[in-house]
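# Overview (structure and organization)
Chain by chain, the residues:
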Amino acid sequence: MVDSWANREPGQAAGQGTDLPAVLGVDLHIDLGRSGVRKGLTDALRDAVRTGRLTPGTRLPSSRSLATDLGIARNTVADAYADLVAEGWLTARQGSGTRVAARTVPAPKTPRPAPRRAPKVRYSLHPGSPDVSSFPRTQWAKAARRALLDAPSEAFEYGDPRGLLTLRTALADYLARARGVYAEPDRIVITSGFVGGLKLLAQVLRARGADSVAVESYGLAHHWRCLTDEGLSIPPLGLDRLGTRTDELGDAGALLVTPAHQFPMGDPLAPARRAQAVDWARRTGGVILEDDYDGEFRYDRQAVGALQSLDPDRVVYCGTASKSLAPALRLGWLVLPADLAAEVAAAKGISDWQCGALDQLTLSDFLTSGAYDRHVRGMRLKYRRRRDELVTALAARAPHIEISGIAAGLHAVLELPPGTEQSLLRAAAWHGVRVQGLSFFRHAEATVPPRDGLVVGYGTPPDHAWAGALEALCAAVS
């Protein structure tokens, strides 16, 4: 009988896939349906074999164990097995139990065309990303241990939506010293990166009655979506050799700007334009959202101080650890005007409440111990060396290409002749290099003439891949 074979322990049986483990009855996921127990079981098993959910050679549970799992009579399972053996769906051999029979799948009548494979990406030169392989793991682990052992029990409760006071205090001291930011702990809100902070600001601005936030002609689309998702329009401002045309602000409710190192063009906003933006905010009651995404990395010039220092009551300073440490930390901060701080904290308490306390404690220790300054100094030297190697290699291999935006940051813009951007993007892909074209960052409604270029993130590759990435890039553009 089928039942006597099914109840035996599995043994060796030629050609029956005895290397496949037995399936437990509880793992068969059998739906007996409403057509009778025996027929429902037979149909369910047949369907599982036909669709490939039970593969050839799979040993089924004994009739006794499956009956117990399903809460039905053992003979019902034995009869269903016997029916499927007779139909050829199952096999039953002494010493091997009941198994799914081997089947030959007919070949398709017409061969399917091979799918087109995208070029293999060997090197990423994605702009705006740091070398995450250089994350200071040992120092971070030491800081995390110290912070965890020293933290009071209150740090693990539902805390202040603005963030832990220890981190806000450490940030206030660091930002005043390193970026010239006027910061008090009570005016700082810790966020889930820059995007988390921008979403909060968009909510508060909309609640205050703002209907538009002026943006730069070139920037990041996902930042713009944070604003439009809240119902804000995002009119783009013009751009010239002095930077963003702040004289075009008009009746916008706010301005989102990258004044220290425009992304992706790379130039700082001219002093006259900075003053003009602040004057506009004072005159109209507007708010300036300053994205200082990589202000710590400068090479051939003195650091450009934060725009916020010109008027802390009209400028929101937005910073992040994503470029200086790693994006995965998801730690950012807003230094807010006094009249906005409470509203932003309240909005955060509704949507996000508090960022991870352990990461906040660790970053606080990292800042106060000096480890953060040492890490930034080391990375600044590394990125400057890579920047210099990029400039030297392109001057030798592709002297017709002008490089701009290289006095600071983690990326450079390769200025291209009109109409050549797409062809060079394809050439880079063929050489296994991922870069982005300048057109990718252009606002759809921008009125400035489009420019062709490649935005090359020289901070992204790990050390062992940098030489290969640079060679592949030069081969693509030369």
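Residues numbered from 1 in each chain as written. Predicted model: local features only at pLDDT ≥ 70, side-chain atom pairs only at ≥ 80, totals over all residues. Heavy atoms only, no water.

## Here we look at the side chain of T244
Counted only if it meets this: Helix and strand definitions follow DSSP, with helices as H or I runs of at least four residues and strands as E runs of at least two, each counted in order from the N terminus. Residue contacts are counted whenever heavy atoms from the two residues lie within 4.5 Å of one another.
Within the fold, T244 resides in strand 7 (residues 243-244). Beyond its immediate chain neighbours, meaning those up to four positions away, T244 contacts E216, L237, G238, L239, L269 and R273.

## Looking at the sheet that holds strand 5 (residues 213-214)
Here is the rule we go by: Here, any two strands with at least 2 DSSP bridges between them count as paired. Helix axes are fitted only over the stretch in contact, all axes being lines through C-alpha atoms; the angle between N-to-C directions runs from 0 to 180 degrees.
With mixed pairing, 6 strands are arranged side by side in an open sheet as 4-11-10-9-8-5. Two strands close off the open sheet at either side, each with one partner strand: strand 4 (188-191) and strand 5. Its contacts with the sheet place helix 7 (residues 193-207) against strand 4, strand 5, strand 8 (254-257), strand 9 (287-291), strand 10 (315-320) and strand 11 (332-335), and it is angled at close to 175 degrees to strand 9. Each of strand 8 and strand 9 touches helix 9 (residues 271-284); the most contacted strand, strand 9, lies at about 145 degrees to it.

## Structural notes on the environment of R314
To keep things clear, this is the line we draw: Only protein chains enter the calculation, and the probe is 1.4 Å; a residue is then buried if its accessible area is under 20% of its type maximum, exposed if over 50%, and partly exposed in between. Whenever a nitrogen or oxygen atom comes within 3.5 Å of another N or O atom, the pair is scored as a polar contact, on the condition that within protein one atom can donate a hydrogen and the other can accept it, and that pairs from neighbouring residues in sequence are kept only if both atoms are in side chains.
Mapped onto the fold, R314 is located in the loop between strand 9 and strand 10. Classification of R314 as buried rests on a relative accessible area of 17%. Between the C-alpha atoms of R314 and W280, which are 34 residues apart in sequence, the distance is 9.8 Å. Discounting residues that sit within four places of it in the chain, R314 has contacts with A281, R282, G285, G286, V287, I288 and P337. Separated by 3.5 Å, the side chain of R314 and the backbone oxygen of A281 make a polar contact.

## Regarding the side chain of D365
Secondary-structure assignment places D365 in helix 11 (residues 357-368). Relative accessible area serves as the criterion here: at 16%, D365 is assigned to the buried category.

## Here we look at the pairing of strand 2 (residues 97-100)
Relative to strand 2, strand 1 (residues 90-93) runs antiparallel, the two sharing 4 bridges. Bridging across to strand 2, L90 finds its partner in V100. Counting the residues between successive antiparallel strands, the hairpin from strand 1 to strand 2 contains 3 residues, one of them, G95, with a positive phi of roughly 90 degrees.

## Notes on the packing of aromatic side chains
Given two aromatic rings, one states the distance between the centres and the angle between the planes to describe the pair. Spelled out, the test is: Between rings of Phe, Tyr and Trp, where Trp is taken as its six-membered ring, a pair exists when centres lie within 6.5 Å; planes separated by under 30 degrees are stacked, by over 60 edge-to-face, and by other angles tilted.
Evaluation of the coordinates by the stated rule reveals 7 aromatic pairs. Ring geometry for Y174 and Y372: centres 5.1 Å apart, planes at 85 degrees, overall edge-to-face. On the criterion of sequence distance, the pair formed by Y174 in helix 6 (residues 165-179) and Y372 in helix 12 (residues 371-397) is long-range, its members being 198 residues apart. According to the relative accessible area criterion, Y372 is buried, its value standing at 2%.

## Regarding the pattern of salt bridges
We apply this condition: One speaks of a salt bridge when a side-chain nitrogen belonging to Lys or Arg is within 4 Å of a carboxyl oxygen belonging to Asp or Glu.
Taken as a whole, this structure holds 27 salt bridges when the rule is applied. The salt bridge partner of R282 is D311, with a shortest N-O separation of 2.7 Å. Residue R282 is located in helix 9, and its partner D311 is located in the loop between strand 9 and strand 10; the two are separated by 29 residues in the primary sequence. Assessed through its relative accessible area of 47%, R282 is described here as partly exposed. For E415, the salt bridge goes to R451, with nearest N and O atoms at 2.7 Å. Linking E415 in strand 13 (residues 411-415) with R451 in the loop between strand 15 (436-437) and strand 16 (453-457), this pair joins segments that are 36 residues apart in sequence. In the salt-bridge network here, residues are joined through shared partners; they are K39, D43, R46 and E87.

## Considering the nonpolar core
Under the convention used in this document: In these notes, a set of buried Ala, Val, Leu, Ile, Met, Phe, Trp, Tyr and Cys residues joined through side-chain atoms within 4.5 Å is what counts as a nonpolar core.
Counting 61 residues, the largest nonpolar core has L325, W333 and L363 as its most contacted members. With 9 residues, the single largest contributor to this core is helix 14 (residues 463-477). One finds W224, L227, L334 and V344 within the second-largest nonpolar core, a separate group that totals 29 residues.

## Some thoughts on the sheet that holds strand 15
Taken in spatial order, the 4 strands of this open sheet run 12-13-16-15, and their pairing is antiparallel. Each edge of the open sheet carries a strand with a single partner, namely strand 12 (402-404) and strand 15. The pairing of strand 15 with strand 16 spans 2 bridges and is antiparallel. Looking at the pairing, G437 lines up with L454 of strand 16. Set on the sheet, helix 13 (residues 421-430) makes contact with strand 15 and strand 16; between it and strand 16 the angle comes to about 40 degrees.

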